[in-house]
Amino acid sequence: MEEKTKSETLRIFQVEPLGRGGIAHYSYCLNCALLKAGATPTLITANDYELRTEAAFEVLELFRLRKTLINRLGLKKVGKLFKGLSLVSGLFPIRKKIKTDMPDVIHFQGSLPFADWLFSRFIFKYGQKRGIKILYTAHNVLPHEQKPIHNKIYSYIYKQADAIIVHSKENGEDLAQFEPEHKPAHVVPHGDYTFLNKEGTVKREQAREKFGIEPQEKVILFFGAIRPYKGLDNLINACGSISDDAAFKILIVGNPLEDFAKYDRLIEKNGLADKVIKVLEYVPTNQISEFFVASDMLVLPYKETYQRGVI
């Protein structure tokens, strides 16, 4: 790639198909930093992108099926099908945009095995044939809930990308062991999410009153999507050993991506029914800070992890 002149800026397409959640927040912060550094970033994302009004960069909502049939009709059982269709629906508009705009770099934020495979199969080479560099950020070298097919999917993805970003030296070592044929990854530490800090807009007393927390109670916060590897069962069992006289609450906040009934059973078994406050849903960005303001400590009892935006 020829070196840019001073009058030109690096044009970057960043692809993040979910439009909300930790990786969407990460992509937002990265695009803000790229814009500040003088680049011209464009975010390609979902049609209900939650940071649309805050973005100072170009946003193209090309993944367009979510929040239509699923949310209007409540079709939860076919949610995965519609998510897959949404991902497929974005492929051709992305290719068209690549052809007309010819960015210098297309940066994919790894998040979903099916999405990552689709992009590597139908977008990577399409861009590379036009002289565009393909950058892939491996937020997880392999998915947490790993299946045998994932080894083949990600081996293919890593071989196709021109460069790979990981967030720590350990991630790079894992990647080198998993896919030794690819050149070494670039280690770029995870950025911060200070844009979510609304401290001052919500008072501690107000937040605690909203959740029914008494002034003398200490609050333990568990925050983020609820999945097996995050160890919520460990937290519940550990809190079960705390004295009954202790004044505390466990604030469990996040969208369950598994059956929460097993955790309810653990809560009852440990005698914590009156100690637990549950907010089992996705929390919009403008409401996140009130949970942290209300709490005394954040506990993340993960059984395994790479790095976490929650931290």
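Read on for an overview of the structure. It should be emphasised that the depicted structure is a prediction, and the values quoted were computed from it without experimental measurement.

The next subject is the overall build of the protein chain. For the protein chain, the count of helices and strands is 10 helices and 11 strands. Within the protein chain, buried positions represent 47% of all 311 residues. Long-range pairs, those at least 24 residues apart, make up 72% of the contacts in the protein chain between residues at least 6 apart in sequence. Only carbon and sulfur atoms are counted for the fraction: they give 53% of the accessible area of the protein chain, which is about 16500 Å².

Below, the discussion takes up the sheet that holds strand β8 (residues 218–223). Ordered by their spatial adjacency, four strands build an open sheet running β10-β9-β8-β11, and the pairing between neighbours is parallel. Each edge of the sheet is formed by a strand with only one pairing partner; in this case those strands are β10 (276–279) and β11 (297–298). Looking at chain direction, strand β9 (residues 248–253) and β10 are connected through four bridges and run parallel. Looking at β10, one finds that I252 is bridged to K278.

Below, the discussion takes up a nonpolar patch on the surface. There is a patch of nonpolar side chains on the surface, built from V88, F114, W117 and F122 and spanning about 320 Å² of accessible area. Ranked by residue count, the leading element in the nonpolar patch is helix α4 (residues 113–128), at three residues.

Now for the nonpolar core. Considering soluble globular proteins, one finds that nonpolar side chains tend to be buried as a cluster. Membership of the largest hydrophobic core comes to 33 residues, with the highest contact counts inside it found for F108, F119, Y136 and Y158. With six residues, the single largest contributor to this core is α4. Setting aside anything within four residues of it in sequence, one finds F108 in contact with V15, F119, I123, F124, I134, L135, Y136 and T137. Grouped together as the second largest cluster of nonpolar side chains are 26 residues, L43, L51, Y193 and F223 included.

Mapped onto the fold, N31 is located in helix α1 (residues 22–36). In contact with N31, other than residues within four places in its own chain, are Q14, P41, T42, L43 and F57.

Attention now goes to the pattern of salt bridges. Two side chains that carry opposite charge are able to pair once their charged atoms sit near each other. Tallying each qualifying case throughout the model produces 12 salt bridges. Across the pair R227 and E145 runs a salt bridge whose closest N-O atoms are separated by 2.4 Å. Separated by 82 residues along the polypeptide, R227 in the loop between β8 and α8 (232–239) and E145 in the loop between β5 (133–137) and α5 (148–160) bring together distant segments of the chain. Owing to a relative accessible area of 33%, E145 belongs among the partly exposed residues under this scheme. Residues E290 and K210 are paired through a salt bridge, measuring 2.6 Å at the closest nitrogen-oxygen approach. With E290 in helix α10 (residues 288–294) and K210 in helix α7 (residues 204–210), the pair connects residues that are 80 residues apart, well separated along the chain. In this structure K210 comes out as exposed when scored by relative accessible area, which is 53%. Several salt bridges converge on common partners, so that one network encompasses R11, E58, K97 and D101.

What follows deals with α5. Along α5, the residues that are buried comprise H150, I153, Y154, S155, I157, Y158 and Q160. Tucked into the core, α5 has its buried residues touching α4, β5, β6 (163–166) and α6 (169–178).

This next bit is on the pairing of strand β2 (residues 40–46). Among the seven residues that make up β2, six are buried, leaving the element largely enclosed by the rest of the structure. Chirality of the crossover, the property in question, places the unit of strand β1 (residues 11–15), α1 and β2 among those that are right-handed. Pairing of β2 with strand β3 (residues 58–63), which is carried by five bridges, proceeds in the parallel orientation. Within β3, the position partnered with T45 by the bridge is E61.

As a further point, take the side chain of K275. Structurally, K275 can be placed in the loop between α9 (261–269) and β10. Apart from the residues lying within four places of it in its own chain, the contact partners of K275 are D244, A246, A247, F248, K249 and I250.

Our focus in this paragraph is unusual backbone geometry. Keep in mind that most residues, glycine aside, have a negative phi and that most peptide bonds are trans. If you check the backbone angles, M102 has positive phi at about 50 degrees while not being a glycine. If you trace the backbone, M102 turns up in the loop between α3 (79–101) and β4 (105–109).

What follows is about the packing of aromatic side chains. Taken as a whole, this structure holds 14 aromatic pairs when the rule is applied. Look at Y28 and F57: their rings are 5.9 Å apart centre to centre, the planes differ by 55 degrees, and that puts the pair in the tilted class. Placement of the pair is Y28 in helix α1 and F57 in the loop between β2 and β3, with a sequence separation of 29 residues. Taken together, the ring pairs in this structure connect F63, F108, F119 and F124 into an aromatic cluster. One Lys or Arg, R20, reaches over the ring of Y282 and ends 4.5 Å from the middle of that ring. Directly above the ring of Y126 sits R130, whose terminal nitrogen or CZ lies 3.8 Å from the centroid.

The next point concerns a positive patch on the surface. Taken together, the side chains of K99, R121, K125, K129 and R130 define a basic patch exposed on the protein surface. Tracing the sequence through the fold places R130 in the loop between α4 and β5. On the basis of relative accessibility, which here comes to 32%, the residue R130 falls in the partly exposed class.

Conventions we followed
Residues numbered from 1 in each chain as written. Predicted model: local features only at pLDDT ≥ 70, side-chain atom pairs only at ≥ 80, totals over all residues. Heavy atoms only, no water. Helix = DSSP H or I, 4+ residues; strand = E, 2+ residues; numbered from the N terminus. Buried < 20%, exposed > 50% of the residue type's maximum accessible area, 1.4 Å probe, protein only. Contact = heavy atoms within 4.5 Å. Areas by Shrake-Rupley, 256 points an atom, 1.4 Å probe, with all protein chains shown as cover. Pairing = 2+ DSSP bridges. Patch = residues over 30% accessible without salt bridge, like charges linked within 9 Å, V, L, I, M, F, W, Y side chains within 5 Å. Salt bridge = Lys/Arg side-chain N within 4 Å of Asp/Glu carboxyl O. Core = buried A, V, L, I, M, F, W, Y, C linked by side-chain atoms within 4.5 Å. Right-handed = clockwise from strand over helix to strand, strands pointing away. Phe/Tyr/Trp six-rings, centres within 6.5 Å; stacked < 30°, edge-to-face > 60°. Lys NZ or Arg CZ within 6 Å of the ring centre and 35° of its normal. Lys, Arg positive; Asp, Glu negative; His and termini not counted. Charge placed at Lys NZ, Arg CZ, Asp CG, Glu CD.

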